[in-house]
Amino acid sequence: MPATSKPHRLAVETMAVCGATLLLTLLVLRAGAWWNRGVVGGGDAWQMLWNIDHVQRALRGEEPFYFSARVWAPEGASLHAHSLSPANTLPAAFLASRFGLFTAYNTTLLFSFVLAAGASYRLARRLGASATGAALGALVFAFAPQRMARALGHLNLLAIGWLPLALEGLLLASREAGRRRMAGVALCAFSLAALAYSEWYLAIMGALAAGSFAAFEVVRAPREKRLRAAVALAASGLFALAAVAPAALAVARETVGGGHDPRSSGASVTSFFIPSRVQLSSRLTPGLTARERLTPEEGSNYLGFVPLAALLAVAVGRRRERELDFAVAAGAASLALSLGPVLWVFSTPHEAPLPYALLEKAMPVVRLGGATSRFQALAFLPLALGVAFAATRLLAA
């Protein structure tokens, strides 16, 4: 009997994966005595420390939550369009009140790895992967090159672990009944809202993945179950939208300019296949790696040949895993968006009709971000699931 039919067993397995990920992350980050007097990485990490301090001030009633007199002083400025990342900074602010800013920041970052591994493990198991296969897939998702690069300073973008948790909620909402269905609706709505309140790039990726899952699920559902599944899936999205709408509308009202220039911030197509500077394997390709133009944080887009091969083995052909179709579709769309409006090959731009240009015309608000390479993170969902199912097949052979 699969673990997914025994909630207690799945919970125990998840705890084991989370515990192993916790220890591995501490090792990878080289945690030590500096944990309470410095931060992982640098650069934008200091901005996130300011965010946590601001949230502490807001909780003490010293400043409004979405306004600070310390920005553009003395007039002050709104923080609605700022990467305040409440889903990260609120819990970090409570931690900071007891353990200090540095420990709070580093612990929140550490939690993001545990969440990514645990949530992706649960999703893979729900979809039918074995325990060992799902654990391998969880490592691929949690320690993907882009996530390791984001650990250098982009805490807000590390919160993508809420995405597989939202998809697990959608799966329960669609395929279960009664209280388990309602629990799935609540889990999905909460997780999608957490994505949005972490970072708006993640909100777009969450909507893309959830929409893809819902579309495949409704089309493939038995006719007698299709309406109930559609209603539950729609309810999940509407509850999440209701929770996010106030913040989204505030951002839309205040957005008058743009953020990063999307024409220069897109991922190069070559960066998908060449290790970045944050990876040890880049020592094998120093000349090619040096030809990429983006910073390590924005340019670590290497997909990995082993995960790609694993995904192709289980997602293509007559024996493909149909459960992965939604993830492959969403990952491919996100990968296309990550290229931006200009096709980059190494450091050379080429004009081409790319999907991001259409998205920007349809939704001008996306200009607030502009760092399109960040959309590449969603591509690791199908890659992780591909590894999980490929390992499941190999171990069963």
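Residues numbered from 1 in each chain as written. Predicted model: local features only at pLDDT ≥ 70, side-chain atom pairs only at ≥ 80, totals over all residues. Heavy atoms only, no water.

Caption draft 1: Fine view of empty space enclosed by the protein. Inspection of the entire model under this criterion finds four cavities of 30 Å³ or more. Taken as a whole, the largest cavity spans an internal volume of roughly 90 Å³. Forming the boundary of the largest cavity are S271, I274, P275, S276, R277, T289, E292, L294, T295, P296, G299 and S300. Taken together, the residues of the lining of the largest cavity sort by class into four nonpolar, six polar and two charged. (1 Å grid on protein atoms, 1.4 Å probe; cavity = no way out; pocket = protein on both sides within 12 Å on 5 of 7 lines; lining within 4 Å. Points joined across faces, edges and corners; volume = space filled by probe spheres on them. Nonpolar A, V, L, I, M, F, W, Y, C, P; charged D, E, K, R; others polar.)

Caption draft 2: Looking closely at the pattern of salt bridges. Going through the model one piece at a time under the given rule, you end up with 18 salt bridges. E13 is the partner of R125 in a salt bridge, and the nearest nitrogen-oxygen pair spans 3.1 Å. One end of the pair, R125, is in helix α4 (residues 101-127); the other, E13, is in helix α1 (residues 7-28), with 112 residues separating them in the sequence. Across the pair, exposure class does not vary: R125 and E13 are buried alike. In this structure, E62 engages R57 in a salt bridge whose closest nitrogen and oxygen atoms are separated by 3.8 Å. Under the relative-accessibility criterion, E62 is labelled partly exposed at 46%. (Salt bridge = Lys/Arg side-chain N within 4 Å of Asp/Glu carboxyl O. Helix = DSSP H or I, 4+ residues; strand = E, 2+ residues; numbered from the N terminus. Buried < 20%, exposed > 50% of the residue type's maximum accessible area, 1.4 Å probe, protein only.)

Caption draft 3: Broad picture of the side chain of T89. Relative to the elements of secondary structure, T89 occurs in helix α3 (residues 86-99). Dropping the residues within four chain positions of it, T89 is found in contact with M48, N51, I52, V55 and L84. (Contact = heavy atoms within 4.5 Å.)

Caption draft 4: Up close: the pairing of strand β3 (residues 342-345). Here β3 shows a buried face lined by V342 and W344 and an unburied face lined by L343 and V345. In terms of strand pairing, β3 meets strand β4 (residues 348-351) through four bridges, oriented antiparallel. Counted as the bridge partner of L343 is H350 from β4. Where β3 folds back onto β4 in an antiparallel hairpin, the turn is made up of two residues, including F346, whose phi is positive at roughly 55°. (Pairing = 2+ DSSP bridges.)

Caption draft 5: Representation of helix α15 (residues 325-338). The end-to-end C-alpha distance of α15 is 20 Å, a good match for the 20 Å that 14 residues give at a rise of 1.5 Å each. Residues of α15 that are buried: D325, F326, A327, A330, G331, S334, L335, L337 and S338. Looking at the packing, one finds that the buried side of α15 touches α4, α7 (162-175), α9 (200-220), α16 (355-362) and α17 (380-396). Just downstream of α15, G340 is the residue with a positive phi angle, here 75°. (Expected span 1.5 Å × (residues − 1).)

Caption draft 6: Summary view of the packing of α9 against α15. Where α9 contacts α15, the two axes come as close as 9 Å, and the packing angle between them is 145°. Crossing angle aside, the handedness with which α9 passes α15 is right-handed. Contacts between α9 and α15 pair M205, L208, A209, S212, F213, F216 and R220 from the former with D325, F326, A329, A330, A333 and S334 from the latter. Of the residues contributing to the contact of α9 with α15, the split by class is nine nonpolar, two polar and two charged. (Axes fitted to C-alpha atoms, helices over the stretch in contact; angles between N-to-C directions. Left-handed = near helix turned anticlockwise from the far one by under 90°.)

Caption draft 7: View of the layout of surface pockets. Here the second largest pocket defines a volume of roughly 350 Å³. Around the second largest pocket sit 18 residues that line it, and S174, R175, E217, A221 and P222 are the ones nearest its centre. Those elements that place two or more of their residues in the lining of the second largest pocket are α7, α9 and α10 (223-254). Taken together, the residues of the lining of the second largest pocket break down into seven nonpolar, one polar and 10 charged.

Caption draft 8: Structural view of the packing of α7 against α9. Viewed as axis vectors pointing N to C, α7 and α9 meet at an angle of 25°, and their least axial separation amounts to 10 Å. It follows that α7 is roughly parallel to α9 by the angle criterion. Relative to α9, α7 is oriented so that their crossing is right-handed. Across the interface between the two elements, L163, L167, L170, L171, S174 and R175 from α7 touch M205, G206, A209, A210, F213 and E217 from α9. Its residues assigned to classes, the contact of α7 with α9 comprises eight nonpolar, two polar and two charged. (Parallel < 35°, antiparallel > 145°, perpendicular 65-115°, else oblique.)

Caption draft 9: Molecular detail of the state of the cysteines. Here the structure, examined in full by the defined rule, presents zero disulfides. No disulfide involves C18; its sulfur sits 19 Å from the nearest other cysteine sulfur, which is in C188. (Disulfide = S-S within 2.5 Å.)

Caption draft 10: Examining a nonpolar patch on the surface more closely. A surface patch of nonpolar side chains, amounting to about 410 Å² of accessible area, comprises L24, L27, V28, L136 and L139. Where the nonpolar patch is concerned, the elements lending two or more residues are α1 and α5 (131-142). In terms of residue count, the dominant contributor to the nonpolar patch is α1 (three residues). On the secondary structure map, L136 appears in helix α5. A relative accessible area of 40% means that L136 is categorised as partly exposed. (Patch = residues over 30% accessible without salt bridge, like charges linked within 9 Å, V, L, I, M, F, W, Y side chains within 5 Å. Areas by Shrake-Rupley, 256 points an atom, 1.4 Å probe, with all protein chains shown as cover.)

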